Every structure is written in C-alpha cells, then in structure tokens.
Number of protein chains: 2
Amino acid sequence: MVTMLDVARRAGVTKQTVSNVVRGRAIVSAETKAKVEAAIAELGYTPNLVARSLATGTTMTIGFIVPTIANPFYSEVVEVVETLLEEHGYHLLLATTRGDGERARRHLATLSNRSVDALLVAGDFDLSEHVPLLGEYGLPVALCAWEIDPPDTLPVVTIDYEKAGYLAGRHLRELGHQRLVSIAELPAHRVRVGGAHRAFAEDGIVVTDDSVFAIPDSTPESGYEAALLALSADRTADRTTAVFASTDAIALGVMEAVRHNGLRVPEDVSVVGIDDIPQAAHAHPPLTTVALPKRRMAQEATGLLLRGIAENQPPSPSLTLLSPEVLVRASSAPPAG
Amino acid sequence: MVTMLDVARRAGVTKQTVSNVVRGRAIVSAETKAKVEAAIAELGYTPNLVARSLATGTTMTIGFIVPTIANPFYSEVVEVVETLLEEHGYHLLLATTRGDGERARRHLATLSNRSVDALLVAGDFDLSEHVPLLGEYGLPVALCAWEIDPPDTLPVVTIDYEKAGYLAGRHLRELGHQRLVSIAELPAHRVRVGGAHRAFAEDGIVVTDDSVFAIPDSTPESGYEAALLALSADRTADRTTAVFASTDAIALGVMEAVRHNGLRVPEDVSVVGIDDIPQAAHAHPPLTTVALPKRRMAQEATGLLLRGIAENQPPSPSLTLLSPEVLVRASSAPPAG
DNA sequence: TTGAAAGCGCTAACAT
DNA sequence: ATGTTAGCGCTTTCAA
C-alpha cells in the first residue's frame, strides 16, 4: 500500500505538504504542487479515508435506519436522502430493521460508535422503545416519518398523518357521504383513521368502531379481503357509500372488491386512499388520495442533520409537521340518490 | 470522549487487557475481566470503530452501487444483501448512480479508498465504462444484475436474461402463437427481446424489427401507449395474438391497452411479462411472467464477496448465470380460431 | 495471564 | 511556503 509518506519521499517533501496538496490547500507553491502531483500519479497514491477519519474525527457518512426499503414510501425517502448527502460529499450507511426491535438496537449500537457523523431514523414501531437512547450518543440525530407519538426530546421531521386522514374524511363529507367504512393497517395507521373520524365528528356524525376493519399489512390483497367482508356486512337499507383506506395500496384492493361485488366506483361507492403512489393516478378509476410530502420530509430531515454537523452541535428538539394534500380524482363522488 | 486508556486506568490494567476483554478473548482471568467490565460500565465506554479499522485495516462494511432503489427489483436485492451482511456483522454503504455515469465514477473512487472491505455493483448502463477500473482497487469486487455484456475479468452473478426472454417466447410458441409483438425498454432490454425472438426463430418464424416497439422506461404508462400504437398498426387480416413485454410493469400497461381496444386478455391477445413483481399475480387477469431469481442472485453475490474477504483474496473471475422460470397464469392462452 | 512498545496513515498545531 | 512534532484510539507484536 502506497502511503502519503511514500509520496512525500518521492517528491522530496514532507507528508504535510502532500496532505496540503491532496486537500487542495492554497498555500502550496505551484512547482511543489506539480512535483507532488507527479509523485501521486506515478505511485498511484490514493488517500486512506479511515486514517483521515481517525485524525479528523469525522467519517463523512451518515447512518439511516429505516423499517424496510421494500415499501416504495421508504425507498423513495432513502433515495432522496442519498442524493442530498452525495451533493454534500456525504455517504449513506443504510440499515433496515424489518420489524425486528432487537436488530434495530444492534444497528443503533454500532452506528453510534463514531462510524457515522449523524443518524437519521425513519419509522417508529421497531424503534420507539429505543428513542431515549438516541439522545445520548453525542451525535446529531433526527427522526422522520414518525407516525405515532413523536418524542419531544429530539428533532423530528414528519408528516401530519392525522391531517392526512382528516383531509380524506373531510373530502368525503364535503361530497355528502354520511356513512364511512375504514380499512386500515392497524395499529400502525390508527392516527390516520382518527383523522378521518374527526372530519365526520365535526359534522356531528359519530363513526362507530365496527365500521373500522383492521388488516395486518398495507397490500391490495388484504384490502380486497377486508372490503369484501365490509361490503357483505352491509345492511342494504343503509349502505356504505364511502370507504377510507389508510394507504393507496389498500385502496386499490378495495376498488377491486367493490367491482367484484357488482358495484361501481365511484357511483355506488367512493374510495379514498393515502400516499399518492405512482399507480394511484393510473388506477381505474384514478384514485382520489392524500399525497404525503415525502421528498420534502427527506430534504428537511437531511438539512437538519447537515446543519447539526456543520454547527457542531446536535439540532435542538423540534417537531416539523409537513402538510399532506388532497388529490381529487375519479374514485370519489357524491353518494347516489 | 472516554477511551480505552481511561478504562484501563480505572480498572488498574493496561489498554491491552481492556482490548482483550472487549474483543472477548479467552485469555483474560475472570476477576480482571470483571474489573474491566465494571470500569467500562461506570465510564460508559464504547470502542471507537474508526480507530479499530485503522489498526486492523478492515471496516466491516461493504459498498453496494445500484442504479436506483426506486425500482422494486433493485430495492429487493438491496434488502436481501443488507440482511445477509448484517448476519455476518457487516454494514452496507449504499450508493445509487441514477443514470449518471459521472456520479458512478465518483462513488467508485471514494468507496475504493479503503472505506469498504468489498464492493458489489449492480446494473450496467451507468458503470459499464468503468468496469476496467474495478479490478484495480485491490479489494474484492463482484457484479450482479449485469444484463448486457458481462465482463470476463470479474466475478459476476447475474440472471440469464436471454433465457428469460426465450422462455417467454417459447411459452407463446407452445401455445401456438405465430405472430409476436414485443414492447420493451430499449436498449436496456434488448437481450430479453433477442431471447423471445430466438424462441420463434427455432420454429422457423422470423420476427421482424417492425414488430418491436421501443419505449424509454419500464412503466405501465409507456407500455400502454406503445401497445395502443402496436394494436392500431395491426392489419386486421393477420392480427397479433401475442405481446411480449420486457417487464411486468410494461405488461400491466399492455393489458390495459388491449382492453381499451375492446379486446380480451387472453382470448384475443396473450400477454407475457418478465420479473414476477408482486402485482403480477393479482392483475386482471393474473399475469403470465418469467420470474427472475433476484434473492438467489443477491445471496450468491454476497456470499462471493464475503468469501473473498475471508480468504483475503479477490474472488476469481467467473460468470454465474441464474435461471429464470416461467410462471403460467391467466394472461396467456392459445390463439383464437 | 498481563504489560510495554510500536505502529496503522493521516491531520493539526507550531516552528522555521 | 515548508518542515517538525504530536497525536487520533486502537491492535499487535514481543517481553515479562
């Protein structure tokens, strides 16, 4: 392995001068610089980043802990974060928790041992119990996509998921729907359901618990099954005219089930989802949904961390709640009759 | 910051002993070990991984360069790789190229400077010109998901994409289809198209170039547009009865377009895709496709690298071609009449 | 079994 | 503008 000392000897200077050239410091004379660069080229020298990290105390990488990247929501967030980091010369150490709290803890333990300059944590379920630890690592930490009970001891950049549910509910209310069925991944999305119910409650309509169908994951298949159940449970006299799905993926399955029951979307049943996944716009009919500003979230969170590093102090506790937005498409309409 | 020396003093031993305890070496007496562990707990000591890396020359992280993780194909591969690495105590440094060759080069440059113990590279387009460099980094390198012209100078674990196309084509031939239309992201998937054509050529049917519709990306929308074009260009006398799509996403759009044209899948037109994405099985009708063994690929590639690290020598050049498999579902059937 | 010494390759003062 | 001197915190010889 060719080291800085090798280069220095070859160029007839000291390590320090080589270092100055490598780091692009302006204090090196043009001719020394040329000599050093020649030596670097001849020897094929490349600086050892680990040694630099030990000397500077900075690794130029940030850790990102996410539940999974199989879910497009997270993979998009990861991609945005990675791009932003790269623009600032930082690298991304990615760790997934996959619903495994123990695994999450291990990741936290290693990443915090100075192998990253800052830590971003997305999602909540697997990690919420470890939140108290996060503050003690002495490095900038931020949370994002924190749907349930964001802690007030750390900076968190997340989305107003309650509002997302509320907006979906209000949209249905404004169309004139009186009876709501919710199909949601629970408990993960209970805040969204709460928001939808609040919209109805505002108008004096109490949504009862038996209108909420819990499913274990956010897939079209689970949505389909639950919707079949929900529709069959329906009393014909007072039919459900609106279904709120806690994600677009679920909503896709719900629309399927509605059709399967010989009903039409939106003429017989309106369906509204949350997230605005790519397929939503191209579904049949195009799905009305509430778009979650995930890119914005990724940007804000990354910015927070980068600033924390630059100012050499952990960002102070704060809660940034980004607003979702309704996208009215063709899957929702006023109730018939 | 509390260092190993602090712990050593507190416990009344030397750094070396502390190190032995931390690394779990068996040579430490029970009582010294207890003293040291007490000191570690009291001081809240945690080892500095960067310093360890400098001393050992190993970082316990491997770099993975992928085109994007927005594409589920890659995100699934990344997730499998990450899981496998974690099981072996390794971390994942993730870098995306996003179709930017320059960016790819930068990533290569930094990652190779001893910040990773090995390098895995997926995809091809953005990086193919840099392949010659890969061998010179002195660290284990492997390629995966290399669809076009895998180099013979490096170990590569990829899928037999030509066979995937061939299997799709042969399936259609076996059903009795005589005329094929292909809708493919080109040039990325030209090997797949070639495979499909080979299946027809085997039976003496030459597929002409004007039956291939090139689209710029693998989305249902592009597939939809192209299929509309393809179907309208059709001479009624000699109608196309089979469409080969180079990915499932495209195939979904194709089925859409077929229906839009008042035709039925598979009665009037058979549609076959490649990849077996989750939606394929739940499409209407369920999509016949060729499943790509991406998990296997991720496993083999990771294993190759881990072995390379363990044996302290770069894995030797090799080509592992994993076989795809046809999944016959309801979107394909014998041609009418 | 434990201790002492010598690096790993680099950066950051300070001195020249 | 360049050289000198100390480390960064750990691991790894080699002695004791």
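Residues numbered from 1 in each chain as written. Chains lettered and ligands numbered in written order. Predicted model: local features only at pLDDT ≥ 70, side-chain atom pairs only at ≥ 80, totals over all residues. Heavy atoms only, no water.

Colleague: Quick question: what am I supposed to make of helix H6 (residues 101-115) of chain B here?
Modeller: Side chains three or four residues apart in an α-helix point the same way, a direct result of the helix having 3.6 residues per turn. All names here are of chain B. Here H6 spans 21 Å end to end across 15 residues, near enough to the 21 Å set by a 1.5 Å rise per residue. The complete set of buried residues in H6 reads Gly-101, Arg-103, Ala-104, His-107, Leu-108, Leu-111, Ser-112, Asn-113 and Ser-115. Two to three positions downstream of the cap, the backbone nitrogen of Glu-102 sits 2.9 Å from a side-chain oxygen, assigning the N-cap of H6 to Asp-100. (Helix = DSSP H or I, 4+ residues; strand = E, 2+ residues; numbered from the N terminus. Expected span 1.5 Å × (residues − 1). Buried < 20%, exposed > 50% of the residue type's maximum accessible area, 1.4 Å probe, protein only. Polar contact = N/O pair within 3.5 Å; in protein donor to acceptor, adjacent residues only side chain to side chain.)

Colleague: Explain the relation of the copies chain A and chain B here, please?
Modeller: What relates the two chain copies is a rotation about an axis together with a slide along it. Each copy superposes on the other: chain A lies on chain B with an RMSD of 0.1 Å after a rotation of 180 degrees and an axial shift of 0.0 Å. On the angle and the small slide along the axis, the relation comes out as a two-fold axis. Taking C-alpha positions as the reference, the residue of chain A nearest the rotation axis is Leu93(A), at 2.3 Å. Mapped onto chain B, 100% of the interface residues of chain A are again interface residues, and the two copies thus contact each other with one and the same surface. (Least-squares fit on C-alpha atoms with pLDDT ≥ 70 in both. Contact = heavy atoms within 4.5 Å.)

Colleague: I tried to follow the UniProt feature "domain: HTH lacI-type" (unreviewed entry) in chain A on my own but got confused; where do I start?
Modeller: Feature annotation in UniProt assigns "domain: HTH lacI-type" (unreviewed entry) to the following positions: residues 2-56 of chain A. Taken end to end, residues 2-56 of chain A is 69% helix and 0% strand, and its two terminal C-alpha atoms sit 21 Å from one another. (UniProt positions renumbered as here; feature names shortened; annotations may be inferred.)

Colleague: What is the right way to look at the sheet that holds strand E11 (residues 318-322) of chain B in this model?
Modeller: Strand pairing in a sheet relies on backbone hydrogen bonds. The paired strands run either parallel or antiparallel. Spatial strand order, E11(A)-E5(A)-E4(A)-E3(A)-E1(A)-E2(A)-E2(B)-E1(B)-E3(B)-E4(B)-E5(B)-E11(B): twelve strands in an open sheet with mixed pairing. Each having just a single partner strand, strand E11 (318-322) of chain A together with E11 of chain B make up the two edges of the open sheet. Strand-to-strand twist across the sheet, computed as the mean angle between neighbouring axes with direction ignored, equals 20 degrees. Of the pairings in the sheet, the one linking strand E1 (residues 61-66) of chain B to strand E2 (residues 91-96) of chain B comprises six bridges and is parallel in character. Bridging from a neighbouring strand, Phe64(B) pairs with Leu94(B) of E2(B). (Pairing = 2+ DSSP bridges. Axes fitted to C-alpha atoms, helices over the stretch in contact; angles between N-to-C directions.)

Colleague: Explanation requested: the packing of helix H1 (residues 4-11) of chain A against helix H2 (residues 15-22) of chain A in the structure shown.
Modeller: Angle between the axes and distance between the axes are the two parameters that describe a pair of packed helices. All names here are of chain A. At their nearest, the axes of H1 and H2 sit 8 Å apart, and the two run at 105 degrees to each other. With respect to H2, the axis of H1 lies roughly perpendicular. Here Met-4, Leu-5, Val-7 and Ala-8 of H1 lie close against H2, whose contacting residues are Lys-15, Val-18, Ser-19 and Val-22. Classifying every residue of the contact of H1 with H2 by side-chain character gives six nonpolar, one polar and one charged. (Parallel < 35°, antiparallel > 145°, perpendicular 65-115°, else oblique. Nonpolar A, V, L, I, M, F, W, Y, C, P; charged D, E, K, R; others polar.)

Colleague: Quick question: what am I supposed to make of helix H10 (residues 220-232) of chain B here?
Modeller: Residue and element names in this part refer to chain B. The terminal C-alpha atoms of H10, which comprises 13 residues, lie 18 Å apart, in line with the 18 Å expected from a rise of 1.5 Å per residue. Three or more residues of H10 are buried, namely Ser-222, Gly-223, Ala-226, Ala-227, Ala-230 and Leu-231. The arc that holds every buried residue of H10, seen down its axis, measures 155 degrees, which confines them to one face. Of the residues in H10, the exposed ones pointing more than 90 degrees away from the buried face are Glu-225, Leu-229 and Ser-232. (Arc of directions from axis to C-beta.)

Colleague: Would you mind showing me how to read unusual backbone geometry here?
Modeller: Phi is mostly negative for residues that are not glycine, and the peptide bonds are mostly trans. Going from Leu186(A) to Pro187(A), the amide bond is cis rather than trans, its omega being 5 degrees. Non-glycine residue Asp276(A) carries a positive phi angle of around 60 degrees.

Colleague: Even after reading the chapter, I still don't get the interface of chain A and chain B, so can you show me in this structure?
Modeller: When the parts of a complex come together, some accessible area is lost, and that lost area is often taken as the interface size. If you look at the interface, chain A gives 39 residues, while chain B gives 39 residues. Of the roughly 3,700 Å² buried between chain A and chain B on both sides combined, carbon and sulfur atoms contribute 52%. Summed over the shared surface of chain A and chain B, the result is eight salt bridges. Here Arg103(A) ties to Glu86(B) by a salt bridge, and the two come within 3.7 Å at their closest N and O atoms. The greatest single-element share of the side of chain A that touches chain B, amounting to eight residues, is contributed by helix H6 (residues 101-115) of chain A. (Buried area = accessible area lost by both parts, 1.4 Å probe. Salt bridge = Lys/Arg side-chain N within 4 Å of Asp/Glu carboxyl O.)

Colleague: Teacher, can you tell me more about the protein's contact with DNA strand C here?
Modeller: Close contacts around DNA strand C come from 26 residues, with Met4(A), Lys15(A), Tyr45(A), Arg52(A) and Thr32(B) the closest. The share of sugar and phosphate among atoms of DNA strand C within 4 Å of the protein is 70%. Between Lys15(A) and DNA strand C, the recorded distance is 2.3 Å, taken from a side-chain N or O atom to a base nitrogen. Between DNA strand C and Thr17(B), the relevant distance is 3.1 Å, taken from a phosphate oxygen to a side-chain nitrogen or oxygen of the residue. (Near = heavy atom within 4 Å.)

Colleague: Help me understand the side chain of His197(B) in this model?
Modeller: Tracing the backbone through its elements, the reader meets His197(B) in helix H9 (residues 190-202). If we skip the residues at most four places from it in the chain, His197(B) touches Leu180(B), Ser182(B), Val207(B) and Val212(B).

Colleague: In this structure, what is going on with the environment of Glu300(A)? I would like to understand it.
Modeller: All names here are of chain A. As for its position among the elements, Glu-300 is in helix H13 (residues 294-310). Here Glu-300 falls in the partly exposed class, since its relative accessible area comes to 28%. The sequence separation of Glu-300 and Val-157 amounts to 143 residues, and the corresponding C-alpha distance is 6.8 Å.

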